[in-house]
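# Overview (structure and organization)
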Amino acid sequence: MKLLRNLLYPFALLYGGVVWIRNKCFDWGILKSQSFSIPVICVGNLNVGGTGKTPMIEYLIRLFKGHYNVATLSRGYKRKTSGFKEVLVTDTAENVGDEPLQFKRKYKTIKVAVDEKRVNGITKLLKLKAAPNLILLDDAFQHRYVKAGFNIMLTSYNDLFIDDIMLPTGNLREPKSGAGRADCIVVTKCPEHLSVIERTTLTNRLQVRKDQPVYFSFIAYSDKIYNAVEERYLKALNADTFTLVTGIANPSPFVNFLEANGLKFNHINFPDHHNFSRTDIESLKQKGLILTTEKDYVRLSKDLEASDLFYLPIETKFFNEEHFNAKLAAYLQR
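So, how was this worked out
- Residues numbered from 1 in each chain as written.
- Predicted model: local features only at pLDDT ≥ 70, side-chain atom pairs only at ≥ 80, totals over all residues.
- Heavy atoms only, no water.
- Helix = DSSP H or I, 4+ residues; strand = E, 2+ residues; numbered from the N terminus.
- Rg over C-alpha atoms; globule rule 2.2 N^0.38 Å.
- Buried < 20%, exposed > 50% of the residue type's maximum accessible area, 1.4 Å probe, protein only.
- Contact = heavy atoms within 4.5 Å.
- Phe/Tyr/Trp six-rings, centres within 6.5 Å; stacked < 30°, edge-to-face > 60°.
- Lys NZ or Arg CZ within 6 Å of the ring centre and 35° of its normal.
- Pairing = 2+ DSSP bridges.
- Axes fitted to C-alpha atoms, helices over the stretch in contact; angles between N-to-C directions.
- Disulfide = S-S within 2.5 Å.
- Polar contact = N/O pair within 3.5 Å; in protein donor to acceptor, adjacent residues only side chain to side chain.
- Salt bridge = Lys/Arg side-chain N within 4 Å of Asp/Glu carboxyl O.
- Parallel < 35°, antiparallel > 145°, perpendicular 65-115°, else oblique.
- Left-handed = near helix turned anticlockwise from the far one by under 90°.
- Nonpolar A, V, L, I, M, F, W, Y, C, P; charged D, E, K, R; others polar.
- Arc of directions from axis to C-beta.

## Remarks on the overall build of the chain
Tallying secondary structure elements over the chain gives 11 helices and 15 strands in all. Here the C-alpha radius of gyration of the chain, 20 Å, is about what a compact globule of 334 residues would show, namely 20 Å. Counting only C-alpha atoms, the chain reaches 60 × 50 × 40 Å along its principal axes. Per-residue burial over the chain gives 49% buried out of 334 residues. Relative to all contacts within the chain whose residues are 6 or more apart in sequence, the contacts with residues 24 or more apart total 73%.

## Some points on the packing of aromatic side chains
Counting across every chain of the model gives 14 aromatic pairs. These aromatic residues form a ring-pair network of at least three members: Tyr-59, Tyr-215, Phe-318 and Phe-324. The ring of Phe-141 carries the charged tip of Arg-181 above its face, separated from the ring centre by 4.4 Å. In this structure, Lys-235 packs its charged tip against the face of Tyr-233, placed 5.8 Å from the ring centre.

## Overview of the sheet that holds strand β6 (residues 150–156)
Whenever strands of a sheet pair, they do so through backbone hydrogen bonds, lying parallel or antiparallel. With mixed pairing, 9 strands are arranged side by side in an open sheet as β3-β4-β2-β5-β1-β6-β7-β8-β15. Two strands close off the open sheet at either side, each with one partner strand: β3 (85–86) and β15 (314–318). Relative to strand β4 (residues 111–114), β3 runs antiparallel, the two being bridged by 2 bridges. Each residue of the ladder has a partner; that of Glu-86, found in β4, is Ala-113. Contacting β1 (40–45), β2 (70–74), β5 (134–138), β6, β7 (184–188) and β15, helix α3 (residues 53–64) runs over the sheet at an angle of about 75 degrees to β15.

## Concerning the state of the cysteines
In total, this model carries 0 disulfides according to the counting rule given. Here Cys-25 stays free of any disulfide, with the sulfur of Cys-42 as its closest cysteine sulfur at 20 Å. The closest cysteine sulfur to the non-disulfide-bonded Cys-42 is located on Cys-184, 11 Å from its own sulfur. Look at Cys-42 and you get buried, because its relative accessible area is 1%.

## Remarks on the environment of Asp-115
You can see Asp-115 is positioned in the loop between β4 and α6 (118–126). Sequence spacing of Asp-115 and Asn-171 is 56 residues, and the spatial spacing of their C-alpha atoms is 25 Å. There is a polar contact of 2.9 Å between the side chain of Asp-115 and the backbone nitrogen of Lys-117. A polar contact of 3.5 Å, which involves the side chain of Asp-115, links it to the backbone nitrogen of Gly-121.

## Some details on the pattern of salt bridges
This model, assessed by the stated rule, comprises 23 salt bridges. Here Asp-303 makes a salt bridge to Lys-302, at a shortest N to O gap of 3.0 Å. Exposure remark for Lys-302: the relative accessible area of 48% places this residue in the partly exposed category. Residues participating in the shared-partner salt-bridge network are Glu-94, Arg-278, Glu-282, Lys-285, Lys-302 and Asp-303.

## Here's the deal with the environment of Val-229
Residue placement: Val-229 occurs in the loop between β9 (224–226) and β10 (231–233). With a relative accessible area of 63%, Val-229 lands in the exposed category. Residues Val-229 and Trp-28, spaced 201 residues apart in sequence, show a C-alpha to C-alpha distance of 55 Å.

## Description of the packing of α3 against helix α5 (residues 98–106)
Two elements in contact, α3 and α5, have axes separated by 11 Å at closest approach and are oriented at 30 degrees. Comparing their axes, α5 and α3 come out roughly parallel. When the axes of α3 and α5 are compared, the crossing they make is right-handed. When α3 is examined against α5, the residues Thr-54, Ile-57, Glu-58 and Ile-61 are found in contact with a partner set consisting of Glu-99, Gln-102, Phe-103 and Lys-106. In terms of residue class, the contact of α3 with α5 is built from 3 nonpolar, 2 polar and 3 charged.

## Description of α6
Those residues of α6 that fall on the buried side of the exposure criterion are Arg-118, Gly-121, Ile-122 and Leu-125. The arc enclosing the buried residues of α6, seen along the axis, measures out at 95 degrees, which places them on a common side. In the core, the buried residues of α6 are packed alongside β1, β2, β4 and β5.

In structure tokens, the structure reads:
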């Protein structure tokens, strides 16, 4: 695989050039970005793969839902529908995508919508009854037809954008210079005890502007697992070997957490946003108790018995939470 990626390096240069030209067309006004009259916060990244966008969106939902009429807008990756759709709790992941459905089922009072064309999606949201007055754009850093009021760019602690190169040799969707559009950068999935000195060193490595604050976050795991009918303490799983099922971009932090807690499990790893086939489901039905991610639970729960399927919730936590929240509050006050 590494050899193949190296052979594709000329295509990485070509792709990077095309994306650079596209960005310049937006910068110079040749391609138009549309602004909106309400606050729009965009969460995204430069690279493909899991940087923690879903828990970051959920962090923002919890932060703002008591003060604003919040809506989220996603593409609805791998859904079988197209165009604008407001997400309902009764929808399926096949129709709206797993992450938007997770948002809606978890935070029922907010509006959740999907549309591959973000300008159209925002326009439709603003025409709904009880229209939102704050929109969170999920994975939209490259969707420049919308001019977001505040851009949060994520980069993983173990996969910093500064160390990467363009697709298909590397994992960058656009050149590193794209980080210049971010109003702040969040280094996600950090160790829980990352020192101030280490944070300062990482900030310097990212080569950000002086007006671009860098924040650091980590994943906080629940001490309980859940399904539609019950909850159990995670430590109760240490009595038996169970099956861990993941269909996310980077399951390593999840796996490492369970191993660090002394749990014994067999891990079945599927590709990110995997659409579980009938064969997959029949095989999983023979596995006994299954633990999975919240996102995978949305896709699996309609086909597996509730008593056999559990998920472990996660949350984004910040080392410097007050400063991060104050930065967002200052934008909203403007």
